[in-house]
Amino acid sequence: MNLEVGVLIAEDIERAVEMQLFRLERRHIRDASNPFEIPDTVFKSLYRIPKQLAINLIAELEVFMVETVRSTSVPNALKVLCALHFYAHGSYQKSVGQDFFLGLSQTTVSRCIESVSEIISGQLSRRYLKFPRGEDSQLTLKRRFMEKYHFPGVIGCIDCTHVAVIAPPLEHPQYPGYAYLNRKGYYSINVQIICDANLSILNCNAMYPGSTHDAAIWQMSTVQRYLRENHVRGTWLLGDSGYPLQPWLLTPIENAAEDSPEDEEMNMEDNGYDYPDIPNNADIQDGEILAAGRRARAQLIRNHFTR
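Per an unreviewed UniProt entry, the recorded name for the protein chain is Putative nuclease HARBI1, and the organism is Aquatica leii. Under the UniProt heading Sequence similarities (unreviewed entry), the entry covering the protein chain gives this text: "Belongs to the HARBI1 family."

Peer 1: Would you explain the sheet that holds strand β2 (residues 188-195) in this entry?
Peer 2: An order of β3-β2-β1-β4-β5 is seen for the five strands of this open sheet, with the pairing classed as mixed. At either end of the open sheet lies a strand with only one pairing partner, and these are β3 (201-209) and β5 (249-250).

Peer 1: Where do I start with the pattern of salt bridges in this structure?
Peer 2: Once their charged atoms are close, side chains differing in charge can pair, the charge on each being opposite to the other. All chains considered together, the criterion is met by three salt bridges. Taking the shortest distance from any N to any O, the salt bridge between Glu60 and Arg127 comes out at 2.5 Å. Taken together, the residues span a long stretch of sequence, with Glu60 in helix α3 (residues 51-62) and Arg127 in helix α5 (residues 106-128) at a distance of 67 residues. Overall, Glu60 belongs to the partly exposed group, its relative accessible area being 22%.

Peer 1: Would you mind showing me how to read the state of the cysteines here?
Peer 2: Two cysteines joined by a covalent bond between their sulfur atoms form a disulfide. Tallying each qualifying case throughout the model produces zero disulfides. Free cysteine Cys157: the closest other cysteine sulfur is in Cys195, separated by 5.4 Å. The class for Cys157 is partly exposed, based on a relative accessible area of 27%. For the unlinked cysteine Cys160, the closest cysteine sulfur is that of Cys204, found at 9.6 Å.

Peer 1: Is there a simple way to explain the nonpolar core in this structure?
Peer 2: Soluble globular proteins: nonpolar side chains tend toward being buried together. One finds Phe131, Ile194, Trp218, Val223, Leu227, Leu237 and Leu249 to be the most contacted residues of the largest nonpolar core, which totals 18 residues. Secondary structure elements with two or more residues in this core: β1 (154-164), β3, α7 (214-219) and α8 (222-229). Residues in contact with Val223, not counting those within four places in the same chain, are Phe131, Ile194, Asn203, Trp218 and Leu237. Among the nonpolar cores identified, the runner-up in size contains 17 residues, and Tyr47, Leu57, Leu61 and Val80 belong to it.

Peer 1: Just checking my understanding: could you explain the pairing of β3 for this structure?
Peer 2: Along any regular strand the residues' side chains alternate between the sheet's two faces. Relative to β3, β2 runs antiparallel, the two being bridged by six bridges. In the sheet register, Ile194 faces β3, and the bridge partner there is Asn203.

Peer 1: How do you make sense of the side chain of His162 when you look at a structure like this?
Peer 2: Along the polypeptide, His162 turns up in strand β1. Exposure remark for His162: the relative accessible area of 18% places this residue in the buried category. At 3.5 Å, the side chain of His162 and the side chain of Asn182 are in polar contact. Among the polar contacts made by the side chain of His162, one reaches the side chain of Ser188 at a distance of 2.9 Å.

Peer 1: Please clarify how the side chain of Asn205 should be interpreted in this entry.
Peer 2: Relative to the elements of secondary structure, Asn205 occurs in strand β3. Side-chain polar atoms of Asn205 contact the backbone nitrogen of Met207, separated by 3.2 Å. Dropping the residues within four chain positions of it, Asn205 is found in contact with Asn190, Val191, Gln192, Ile217 and Ser221.

Peer 1: Got a minute to help me understand the packing of α3 against α5 in this structure?
Peer 2: At a closest axis distance of 10 Å, the pairing of α3 and α5 adopts a crossing angle of 95 degrees. Put simply, α3 runs roughly perpendicular to α5. Contacts between α3 and α5 involve Leu57, Glu60 and Leu61 from the former and Val116, Ile119, Ile120, Leu124, Arg127 and Tyr128 from the latter. Its residues assigned to classes, the contact of α3 with α5 shows seven nonpolar, no polar and two charged.

Peer 1: It is not clear to me how the environment of Cys160 should be interpreted in this structure. Could you clarify?
Peer 2: Tracing the backbone shows Cys160 in strand β1. In the structure, Cys160 is positioned 33 residues away from Ile193 in sequence and 6.0 Å away in space, judged by C-alpha atoms. With sequence-adjacent residues up to four places away left out, Cys160 is seen in contact with Asn190, Val191, Gln192, Asp214, Ile217 and Tyr243.

Peer 1: Sorry, what's going on with the pairing of β1 here?
Peer 2: Examined bridge by bridge, β1 and strand β4 (residues 236-238) share three bridges and lie parallel to one another. Considered in β4, the bridge of Gly156 is made with Leu237. Pairing analysis gives eight bridges linking β1 to β2, with the strands arranged antiparallel. In the strand pairing of β2, Ala164 is matched with Ser188.

Peer 1: Would you explain the packing of aromatic side chains in this entry?
Peer 2: Remark: the centre distance and the inter-plane angle together describe each pair of aromatic rings, the angle taken between the planes. Tallying each qualifying case throughout the model produces four aromatic pairs. Summarising the aromatic geometry, the rings of Phe43 and Tyr47 are spaced 4.6 Å apart at their centres and angled 55 degrees between planes, so their arrangement reads as tilted. Of this pair, Phe43 and Tyr47 both sit in helix α2 (residues 40-47), four residues apart, which is roughly one turn of the helix. Among the residues examined, Phe43 registers a relative accessible area of 0% and is labelled buried.

What counts and how
- Residues numbered from 1 in each chain as written.
- Predicted model: local features only at pLDDT ≥ 70, side-chain atom pairs only at ≥ 80, totals over all residues.
- Heavy atoms only, no water.
- UniProt positions renumbered as here; feature names shortened; annotations may be inferred.
- Pairing = 2+ DSSP bridges.
- Helix = DSSP H or I, 4+ residues; strand = E, 2+ residues; numbered from the N terminus.
- Salt bridge = Lys/Arg side-chain N within 4 Å of Asp/Glu carboxyl O.
- Buried < 20%, exposed > 50% of the residue type's maximum accessible area, 1.4 Å probe, protein only.
- Disulfide = S-S within 2.5 Å.
- Core = buried A, V, L, I, M, F, W, Y, C linked by side-chain atoms within 4.5 Å.
- Contact = heavy atoms within 4.5 Å.
- Polar contact = N/O pair within 3.5 Å; in protein donor to acceptor, adjacent residues only side chain to side chain.
- Axes fitted to C-alpha atoms, helices over the stretch in contact; angles between N-to-C directions.
- Parallel < 35°, antiparallel > 145°, perpendicular 65-115°, else oblique.
- Nonpolar A, V, L, I, M, F, W, Y, C, P; charged D, E, K, R; others polar.
- Phe/Tyr/Trp six-rings, centres within 6.5 Å; stacked < 30°, edge-to-face > 60°.

Below you can see the structure in the form of structure tokens.
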């Protein structure tokens, strides 16, 4: 072995030793810090949830997480906290003073976020995100809305929110970047969410890019199809003016023009109309749906919101 080869081998060994020491130091930093020891207010500002809820979430997720035996492996609790911090702040950057994150590389943090997100989406969402599909469960939701907001017949409120994403390439064959550019000028996924009177999420649809209109997402959703085919009189969601008026989705009356159908709803002088029968048929015409929605809204206004 000549001198040059010996020097190269020695340098490789030195680098390997330094890397191992660096990894051990990272683990020491992680193990020496306990995020659950920080004040409650600081913890909530970092993760947006209380400590006990974080502990409960970690316990549920650990059932689906594989614990590695490597000396430098990241504890499951820290994996979950990494993901929670990213959800709360939308950034990989570490906050000042978070010494319990200083031992994680950005690559490791990315893997933690991906693995935890897959478990939440694939496992926990099935357990907790359940849209009410029976009259008994819908009646419970109606009662909560009536008790809390004095609004009858409501089983949930619907709206969409834009979640910012890094744009895919403009010419991507399946996910072209331009489809994700929303009307506000940034790239996003337009996420439809339905919640109950306690703000608990009943349904979440994150399938569509930011350029998709709220109403289009609703029209293609399984919830819309279910309510259309299984409509119960006097049962509806509440949405804003971006949604179409339907017997199962009520929207507000805004700036109604004089003598318009909406104006007639606001100024009905008699009860001499019948609530239309809506067949359990997905092929019902849109014009019939709109007319039925107007009558349903008018009846609601007449019976509950006029003196």
